[in-house]
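Here is what each chain is made of, one letter per residue.
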Amino acid sequence: MDSVQMIAHIEKSLDYSLFDVKWIPCSAKFVVLGSKPKGTGIIQVYQLNSGELDKLHETEKPKSFKCCSFGASQLRETQLATGDFVGKLAIYDVERLDEAIYEAEAHAGIINAIDAIGGTSVNCGAQEIVTGGRDGSVKVWDPRQKNDPVAHISATGNSPAEIRDCWAVGFGDSYNCIERSVVAGYDNGDVKLIDLRVMKERWTTNVKNGVCGIEFDRKDIKMNKLVVSTLEGGLHVFDMRTQHSEKGFARLSEKNVGQALGTNGVINGAKSTVWVVKHLPQNRDIFATCGGSGNVRLWLYHYPETRVKTLNSGEQQGVVGSLEMLNATTLSTQPVHAFDWSPDRQGLAVCGSFDQTVRVLVTTNLHLH
């Protein structure tokens, strides 16, 4: 009875394709956004109410929405940063969705990914938003500055045909008001770490498959761990505390993470995409992954006895730990591609899948780990 269990508490079918879900901080509300069949965008706000979902607000916009974040919003403001299919970055007050309070033509084409920081963390620097687009570029935005990004990481590739599509972005290493980094993942498996303080690429590697999800375990501390999920079932955990000059950061890799498990515990089916990775806000060593076979898995990272070793050359190299799968739950016959933990209530989560269903999840016994 002490094992971790994930339960689908509420399920609600929608009449549109949902692409992202996010909890509104300090509330029992969440946002769902996506694309209507006619190609318009929609944002809806729901509230938990005695085992039911009440729809509080809704707005429809000319273009479909792809991604969103509350990371740059102060708690009292509930400002939602969004990226759409034509490259527009917009910020909306979820209490008044009719008009955007900030807009910028951010990318040439779809904004695939967005992350934000500085809203609720203390002494971690300015409020900023990072976007990654199909045009291959990664841009950092200050909501106080209109039109122009404060940082622009150009697309990689020698010609337009060689430009790599940026699929995932995330902030990290923001442990004071000066330091801050951005990590970006691309469709060819490239992972790049950019130090924003000096605007230089600090590290790059390749994980062999397109990067679908990427996240530091905490944004507002010195880099500790980075998790990367990919096409064809790949999951990679990097220990980010020690960087070797040639070998980079120590890596732990798992395969076939996106597939469903049969009743005998055997993996079923072909390799399946791991769409997203999300760390539990209350425990940075637990994270969820969502797979193309409709499953959600919970993982616990175990640190090694020592996190660094000294090589014969005298240089230090990181040592990676191990992963324990706490739970695997199949929720849908379609891929689960959107997921968010509640920042306020441990174990409460919301997810979205390609069957046009949003689910509120409850996970038990996380406090035991």
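A quick note: this is a predicted structure, and the numbers were derived from the prediction, not measured. (Residues numbered from 1 in each chain as written. Predicted model: local features only at pLDDT ≥ 70, side-chain atom pairs only at ≥ 80, totals over all residues. Heavy atoms only, no water.)

A few words now on the nonpolar core. Grouped together as the largest cluster of nonpolar side chains are 19 residues, with contacts concentrated most on M6, V296, L298, F339, W341, L361 and L366. Listing elements by their share of this core, those giving two or more residues are β24 (274-280), β25 (283-291), β26 (295-302), β30 (336-341) and β31 (348-353). (Core = buried A, V, L, I, M, F, W, Y, C linked by side-chain atoms within 4.5 Å. Buried < 20%, exposed > 50% of the residue type's maximum accessible area, 1.4 Å probe, protein only. Helix = DSSP H or I, 4+ residues; strand = E, 2+ residues; numbered from the N terminus.)

Attention now goes to the sheet that holds strand β29 (residues 322-330). Ordered by their spatial adjacency, 4 strands build an open sheet running β24-β25-β26-β29, and the pairing between neighbours is antiparallel. Two strands bound the open sheet, and with one partner strand each, they are β24 and β29. Neighbour to neighbour, the strand axes of the sheet diverge by 25° on average, direction disregarded. Looking at chain direction, β25 and β26 are connected through 5 bridges and run antiparallel. Looking across to β26, one finds that C290 is bridged to V296. (Pairing = 2+ DSSP bridges. Axes fitted to C-alpha atoms, helices over the stretch in contact; angles between N-to-C directions.)

Glancing now at the packing of aromatic side chains. Taken as a whole and judged by the stated rule, the model has 9 aromatic pairs. Arranged with centres 5.4 Å apart and planes meeting at 55°, the rings of F19 and F85 form a pair that is tilted. Taken as a pair, F19 in strand β2 (residues 17-23) and F85 in the loop between β7 (79-84) and β8 (88-93) lie far apart in primary sequence, 66 residues in all. The class for F19 is partly exposed, based on a relative accessible area of 21%. Its relative accessible area of 32% is what places F85 among the partly exposed residues. Here the aromatic rings of W203 and F249 are separated by 5.0 Å at their centres, their planes lie at 85°, and the arrangement is edge-to-face. (Phe/Tyr/Trp six-rings, centres within 6.5 Å; stacked < 30°, edge-to-face > 60°.)

Structurally, Q5 can be placed in strand β1 (residues 5-13). According to the relative accessible area criterion, Q5 is partly exposed, its value standing at 38%. C-alpha of Q5 to C-alpha of G347: the two residues are 342 residues apart in sequence and 9.8 Å apart in space. Among residues more than four places away in sequence, those in contact with Q5 are N327, V362, T363 and T364. (Contact = heavy atoms within 4.5 Å.)

For the rest of this paragraph, the subject is the side chain of D84. Summarising the element assignment, D84 is placed in strand β7. Buried charge without a salt bridge: D84, with K88 as the nearest opposite-charge side chain at an N-O distance of 5.5 Å. For D84, the side chain forms a polar contact with the main-chain nitrogen of V86, separated by 3.0 Å. At 2.8 Å, the side chain of D84 and the backbone nitrogen of K88 are in polar contact. In contact with D84, other than residues within four places in its own chain, are K63, S64, F65, K66, I110 and I111. (Lys, Arg positive; Asp, Glu negative; His and termini not counted. Salt bridge = Lys/Arg side-chain N within 4 Å of Asp/Glu carboxyl O. Polar contact = N/O pair within 3.5 Å; in protein donor to acceptor, adjacent residues only side chain to side chain.)

Before going further, it helps to examine the pairing of strand β15 (residues 181-186). When you tally the buried positions in β15, you get 6 out of 6 residues, the bulk of the element. With burial as the criterion, each face of β15 is covered, one bearing S181, V183 and G185 and the other bearing V182, A184 and Y186. Pairing analysis gives 6 bridges linking strand β14 (residues 166-172) to β15, with the strands arranged antiparallel. Bridging from a neighbouring strand, G172 pairs with S181 of β15. Bridging between β15 and strand β16 (residues 190-195) involves 5 bridges; their strand directions are antiparallel. Note on β16: the bridge partner recorded for V183 is L193. Once β15 ends, the chain turns through 3 residues before running back antiparallel as β16, passing G189 with a positive phi of about 95°.

Right, let's talk about the pattern of salt bridges for a bit. With the rule as written, the count across this model stands at 21 salt bridges. Here R134 ties to D165 by a salt bridge, and the two come within 4.0 Å at their closest N and O atoms. Of the two residues, R134 sits in the loop between β11 (128-133) and β12 (138-141) while D165 sits in the loop between β13 (151-153) and β14, which places them 31 residues apart along the sequence. You can call R134 exposed: its relative accessible area is 51%. Relative accessible area serves as the criterion here: at 13%, D165 is assigned to the buried category. Linking D142 and R144 is a salt bridge whose minimum nitrogen-to-oxygen distance equals 2.8 Å. Taking relative accessible area as the criterion, D142 reaches 9% and is therefore assigned buried. If you follow the salt bridges from partner to partner, you end up with E11, D355 and R359 in one network.

Time to look at the environment of L97. Assignment of secondary structure puts L97 in the loop between β8 and β9 (102-105). The class of L97 is buried, set by a relative accessible area of 4%. For the pair L97 and G314, spaced 217 residues apart in sequence, the C-alpha to C-alpha distance is 58 Å. Those residues in contact with L97, other than ones at most four positions away along the chain, are I43, V45, H57, E58, T59, K61 and Y92.

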